[in-house]
Amino acid sequence: MAAITQLKHFSGGLTLAAHKQPSNILDSGIPNELIYPLLQRADCYAQPIVKTGDAVLKGQLIAHAGSALSTPIHAASSGVIKEIAAHLIAHPSGLTDLCIVISTDGLDTALEPEPCIDYQSESISDLRTKIQQAGIVGLGGAVFPTAKKLAAPQKIDTLIINAAECEPYISCDESLILAHAEQLIQGVLILQYITQAEQCIIALEESMPQAFQALQKATQKEAIQLIRVPEIYPTGGEKQLIQVLTGKKIPAQSLPAEQGMLCQNIGTAYAVYQAIILGVPLTERIITVTGKGIQHSQNIQAKIGTPIKHLIAECQGYTNDVQRLIMGGSMMGIALSSDEIAVTKATNCILALSSEELAAQTQEMPCIRCGDCANVCPVELLPQQLYWYGRSQQLEQCLDYRLLDCIECGCCDIVCPSQIPLVQLFRAIKGEHTIKQQQTAQADLAKIRYQNRQTRFANAEQEKKDKAAKRQAAIDKMKAAAAAKKANKPD
Amino acid sequence: MQFPISSSPFTPRNNSISRVMLHVLYALLPVTAIHSYLFGYGLLIQLLLAVSTALVTESLCLLLRKRAIKPALYDLSAVLSAVLLALAIPSIAPWWVIVSGMVFAIGIGKQVYGGLGYNPFNPAMVGYVFLLISFPLQMSLWQESSNALSLSDSLAIIFANGSVLDGISGATLLDGVKTQLSTGLSLIDIKMLPVDERLNLIPFAYCVGGLWLLHKKIIQWQIPTALILGLCLPATLAYLIDSRQFSSPIFHLVSGATFCAAFFIATDPVTAATSNKGRWIYAGLIGCLIYIIRTWGGYPEGVAFAVLLANLAAPSIDIYTRSKIR
Ligand code: SF4
Ligand code: SF4
C-alpha cells in the first residue's frame, strides 16, 4: 500500500467541545481493596484459580482466561484473597456479578518479572502467547483480546496505531504519549514484527501538537508514519479512522484484517512493551479522572481493580455539584450507580459531571423529520427510520435498516431538535433482539434435543421390534425343527 | 457514594425545535421590516392578530386533546405558521380573514392530524388556500406601495370592514382579479409585474433571510436549489420558444412568493420528503407546479397549491427514494 498522503472523510460526525487537559501522570498508590469481575466481555468469564485466604503477589495470575474471547487476570498488588463474591460491576444496567476481591497488604511485593532484551529472537507465536498470558486486551474500550486480534489469518500489510482520542474529556492516551513515547514506540515495533506489516501508521488528532512532537522525536529512526487527523468525533472509531486514512469503508459485518489492515490502540502498544520487554502482565493503566464534579482533574496511573472512590479521593474528592458518575467519555460512557465499582482494563476515563455539563432533562417532542440525525451519522444509517420502527417494536424493519451497525456514538442523539433519546431507544431494541436471538437459539436447541430423543426412542423401539422379531423367528425355527423331528420320528 | 444512572450521550444537546423555529423567525425579520416600510402598519397588525389567534387555537385544541400545552406553545411552530400566513395574505384584509385563516390552519391543518410532526400539509398553506377559496375578493386586495399607511388608517381599514378601501387599493389589481378567469395570460403577467421598482426589495429580503438560514445550517441547500431549478428550467424553455406569450424566468423568480416558497415554505421538514434525493424531487416538483399553475392555472399565484400537492406526494417520494438498506 502506498504511503498515506491525503486524508479522506467519513460521512457525518460532529465537532465537539474537547474539555481536555492532559496532565502529568499521578501514581494512584495502593487502595485497600482490589476488585476483579470475572466477566471479561459479554458472556466470557475468566476462571479463578485462587481461593479465599490465599496470599497473592503483584503480577500473579489469579484467574485463567476460560475461553478464547476472555483474558486472564493478574493481581495488581500483593495481599490476601478476601472473597470471591457478588459485587456491583461496571455495566449499563447496574448488574452485580462474581468478583475476586483482594485485601492488599500495602507492600506491593511483586513476582520476579521475566524481561526479554531481544524480542526478534523469539518466534511470533511465542510473542503472541506472551501477550495472551499477560492478559492484554484492546485498551481503547473494546477489550477484545489483543493476542486473538493479532492472530488474524489474513496477511496484514498496514498496522494502524490509534491515538485519535476523539471523545470529549479523555486525555489518557495523550498523556501516555507525553510520558512514555520511547517505550510505546518499542511496543509498536513489536506489534509490527508480530503482524509482519510492511507499513505502520500512528494516527493522532490535530489538537495534540505536543504529543505529535514527542512521537516525532521517538520515531526519528523508524519507518513509522505519523498522521494527524482532523478533530471530528468519532474519528477514533476503528472503522472511521480507517476511512479517514485510506478512504476504504469496512462493511459492517467484516473486519479490517480482511482488507489487510489491523488497528491497535496506542495504550495497547504500551502494554505490549511492558509484557514483552519488561515481562510484566497488564495490571495498571492510565485513566483520566475529570469533569466539573471533580475537585482536581488528573490523569492517573491506576491499578486495575481499584475502586473508583479511591481515585476520586486522589483527586481531592467531588465538588458539591456532582450529578453523574460516568465510566468512559461523555458521548459513549456508561453511568455508574456507585463509586464502589472498580475500574477495569477497559476504563479509560472516569467522568464526574456537574449539572452544568450534563444534558438537562428535556421534554421529548415528536420527530419533525428534519433528517439532521441522518446527516451526522458516521455509519450512514437513517436514525429517524430506526426511531419510527423501533418505537412501534418492528424489530425486522429495524434490522433491515441496519440497526446492528449502529455504533451508539450518540451523534444523532445530540443534534436531534426534538430531543428524542435515540441512542437509548436503539440500545433497548438491540437488547430485545439479543434476547430474542437467545430465545430462538434455546428453542432450536430444545427442538434438536426433542428430535434426538424422538429418534432415539424410535430407534430403541425399532431395535426392540427387531429383537422381538428375531426371537420370534428363532422360536418359530425351533418349533418347526421340533415339529419336523417329531414328524420324522418313527413311532 | 450513590449516583442516579441514565443513558449516554451525556453531552448537552445543542439543538431544539424552538431554536430552529426561532432562527426561521429571525430570518423573516428583513422582509417584515421592508414590507412595513413600503406599505405601513398593516402587516404588523396582521402579525399580531395571526400570532395571538394561532396560540389561542393551539391551546384550545391541545386542551381538547388533553395534551400538555406548554411544550407545544414554546416550540414556536404555531408562531411561525402565523407569521408565514400573515405575510402571505394582503395586509389590508379585514381582521376576520386572518383570524379565520389561522383557526383553520392550526385547527384543521395541524392539530386534527395530531399536532406538530404528524401534519401532512404545511399549515400556513392550508390556511392560505382555505382563505383563497372562501374569500377570493378580500384575498386580492393588494395595496399599492406608493402610500404607506399610518397606524390609524391601517387599524381603520382592517377593523372597519374595509369601508375606506377604494382610495388605496390598486384598481388594476382589483379589476384584474375580478376578471381573472376570463383574462388572457398577458394580462396576468401585467397584474403580477411589480408596479413599483421598490417592490423588488421584498424577494430580495426573503433571499437575505434564506441565505442566512443556509449559513446557519438551519435549512439545507437542496430544497431551495431544486425548487428554483424546477421553476426556472421550464420557464426558460418556454421563454426561448415564445417570448411574447411566456414570461421570462427572471420574472418568475422575483415575482410572487418564489423565494418565500424556496427558503421558508418548501423547507418545512415535517411536510417535505426526508432523504436528500427525495428532497430534490419534492422541491423540483413544487417548482414545476408553481410554473404550471401560474402559466395555465386559474390562480395567478401557484405557490400554495403547488406546495400542498407536493406535500401529498411526499410520502410516496419517500418510499420510492428509500436509500438502499442492508
Ligand atoms: S433529528 Fe430528530 S427530529 Fe430530526 S429526523 Fe432525526 S429523529 Fe426526527
Ligand atoms: S448512535 Fe447509531 S444511529 Fe446514531 S449517529 Fe451514531 S451510529 Fe448513527
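Please refer to the structure placed before this passage.
Residues numbered from 1 in each chain as written. Chains lettered and ligands numbered in written order. Predicted model: local features only at pLDDT ≥ 70, side-chain atom pairs only at ≥ 80, totals over all residues. Heavy atoms only, no water.

### A few points about the overall build of chain B
1) Next: Counting its regular elements, chain B contains 16 helices and zero strands.
2) Next: Per-residue burial over chain B gives 55% buried out of 326 residues.
3) Next: Nonlocal contacts in chain B, meaning residues at least 24 apart in sequence, comprise 78% of its contacts between residues at least 6 apart. (Helix = DSSP H or I, 4+ residues; strand = E, 2+ residues; numbered from the N terminus. Buried < 20%, exposed > 50% of the residue type's maximum accessible area, 1.4 Å probe, protein only. Contact = heavy atoms within 4.5 Å.)

### Some points on the pattern of salt bridges
Residues and elements named next belong to chain A.
1) Next: Applying the stated criterion across every chain yields a total of 18 salt bridges over all chains.
2) Next: Its salt-bridge partner being E33, residue K82 comes within 2.5 Å of it at the nearest N-O pair. Taken together, the positions of K82 in strand β9 (residues 79–88) and E33 in strand β2 (residues 33–37) put the pair 49 residues apart, joining distant regions of the chain.
3) Next: Relative accessible area serves as the criterion here: at 39%, K82 is assigned to the partly exposed category.
4) Next: A salt bridge links K430 to E408; the shortest N-O distance between them is 3.0 Å. With K430 in helix α12 (residues 422–488) and E408 in the loop between α10 (395–400) and α11 (411–415), this residue pair connects regions lying 22 residues apart in the sequence. (Salt bridge = Lys/Arg side-chain N within 4 Å of Asp/Glu carboxyl O.)

### What to know about empty space enclosed by the protein
Residues and elements named next belong to chain A.
1) Next: One pass over the structure, following the stated rule, counts six cavities of 30 Å³ or more.
2) Next: Empty space within the largest cavity amounts to approximately 130 Å³.
3) Next: Forming the walls of the largest cavity are 13 residues, and the residues nearest its centre are L139, L176, Y270, R285 and I286.
4) Next: Listing elements by their share of the lining of the largest cavity, those giving two or more residues are α3 (172–195), α6 (266–278) and β15 (284–290).
5) Next: Broken down by element, the lining of the largest cavity gets its largest block of residues, four residues, from α6.
6) Next: Among the residues making up the lining of the largest cavity, the classes are represented as seven nonpolar, three polar and three charged. (1 Å grid on protein atoms, 1.4 Å probe; cavity = no way out; pocket = protein on both sides within 12 Å on 5 of 7 lines; lining within 4 Å. Points joined across faces, edges and corners; volume = space filled by probe spheres on them. Nonpolar A, V, L, I, M, F, W, Y, C, P; charged D, E, K, R; others polar.)

### Details of the interface of chain B and chain A
1) Next: Of the residues lining the interface, 36 residues belong to chain B; the matching set on chain A comes to 55 residues.
2) Next: Buried surface at the junction of chain B and chain A, both sides included, amounts to about 3900 Å², of which 53% is carbon and sulfur.
3) Next: For D413 of chain A, the salt bridge goes to R13 of chain B, with nearest N and O atoms at 2.6 Å.
4) Next: At the boundary of chain B and chain A, one finds 17 residue pairs in polar contact (both at pLDDT 80 or more).
5) Next: At the level of elements, α1 (17–27) and α15 (276–296) of chain B are the ones that each hand at least two residues to the side of chain B that touches chain A.
6) Next: Per-class residue counts for the side of chain B that touches chain A are 17 nonpolar, 13 polar and six charged. (Buried area = accessible area lost by both parts, 1.4 Å probe. Polar contact = N/O pair within 3.5 Å; in protein donor to acceptor, adjacent residues only side chain to side chain.)

### Considerations on unusual backbone geometry
1) Next: Y233 of chain A connects to P234 of chain A through a cis peptide bond whose omega is -5°.
2) Next: For P234 of chain A, the location among the structural elements is in the loop between β13 (224–229) and α5 (238–246).
3) Next: With omega at -5°, the peptide bond leading from S8 of chain B into P9 of chain B counts as cis.
4) Next: On the secondary structure map, P9 of chain B appears in the segment before α1.
5) Next: The phi angle at Q419 of chain A is positive, at roughly 55°, despite the residue not being glycine.
6) Next: Of note, Q419 of chain A is situated in the loop between α11 and α12.
7) Next: Even without being a glycine, L76 of chain B presents a positive backbone phi close to 70°.

### Topic: the packing of aromatic side chains
1) Next: Taken as a whole and assessed by the stated rule, the structure comprises 14 aromatic pairs over all chains.
2) Next: Plain terms: the ring middles of Y270 of chain A and Y273 of chain A are 5.9 Å apart, the flat faces sit at 20° to each other, and that makes the pair stacked. Linking Y270 of chain A with Y273 of chain A, this pair stays in helix α6, spanning three residues, or about one helical turn. For the residue pair Y270 of chain A and Y273 of chain A, the accessibility class agrees, reading buried in each case.
3) Next: Pairing Y318 of chain A with F3 of chain B gives two aromatic rings, centres 5.5 Å apart and planes at 65°, and the pair type is edge-to-face. Here Y318 of chain A is found in the loop between α7 (308–314) and β17 (322–327), whereas its partner F3 of chain B is found in the segment before α1 on a different chain.
4) Next: Feature note: the residues W96, F104, F130 and F135 of chain B constitute an aromatic cluster, connected by ring pairs.
5) Next: For R228 of chain A, the ring lying beneath its charged end belongs to F212 of chain A, and the centroid distance is 3.9 Å. (Phe/Tyr/Trp six-rings, centres within 6.5 Å; stacked < 30°, edge-to-face > 60°. Lys NZ or Arg CZ within 6 Å of the ring centre and 35° of its normal.)

### Comments concerning the site of ligand 2
Residues and elements named next belong to chain A.
1) Next: In the vicinity of ligand 2 lie 14 residues, with C377, V379, C406, C409 and C412 positioned nearest.
2) Next: Where the shell around ligand 2 is concerned, the elements lending two or more residues are α11 and α12.
3) Next: When grouped by side-chain class, the residues that make up the shell around ligand 2 number 12 nonpolar, one polar and one charged. (Near = heavy atom within 4 Å.)

### Quick notes on the sheet that holds strand β10 (residues 96–104) of chain A
All names here are of chain A.
1) Next: Strand order in this open sheet of four strands is β2-β10-β9-β6, and the pairing throughout is antiparallel. The sheet is open, and its two borders are formed by β2 and β6 (55–56), each paired with just one other strand.
2) Next: Across two bridges, β6 lies against β9 in antiparallel orientation. Following the sheet pairing, A55 is matched in β9 by V80. (Pairing = 2+ DSSP bridges.)

### Thoughts on α3 of chain A
Two residues of an α-helix separated by three or four positions point the same way, owing to the 3.6 residues in each turn.
Residue and element names in this part refer to chain A.
1) Next: Between its first and last C-alpha, α3 extends only 26 Å over 24 residues, short of the 34 Å set by a 1.5 Å rise per residue.
2) Next: Of all the bends in α3, the largest measures some 100° and sits at H180.
3) Next: Along α3, 19 of the 24 residues are buried, which leaves the element largely enclosed by surrounding structure.
4) Next: Just beyond α3, the residue with positive phi is Q196, at close to 60°. (Expected span 1.5 Å × (residues − 1). Bend = angle between axes of the 7 residues up to and from the residue.)

### Re the sheet that holds β13 of chain A
Strand-to-strand pairing in sheets goes through backbone hydrogen bonds, with the strands running parallel or antiparallel.
All names here are of chain A.
1) Next: Strand order across the open sheet formed by four strands is β13-β12-β11-β14, with parallel pairing between neighbours. For this open sheet the edge positions go to β13 and β14 (261–265), each flanked by a neighbour on one side alone. Neighbouring strand axes in the sheet, compared pairwise and without regard to direction, differ in orientation by 25° on average.
2) Next: In this structure, strand β12 (residues 199–205) lies alongside β13, joined through six bridges in parallel fashion. Looking at the pairing, I202 lines up with L226 of β13.
3) Next: Its contacts with the sheet put α6 on β11 (158–163), β12 and β14, and the angle it makes with β14 is roughly 80°. (Axes fitted to C-alpha atoms, helices over the stretch in contact; angles between N-to-C directions.)

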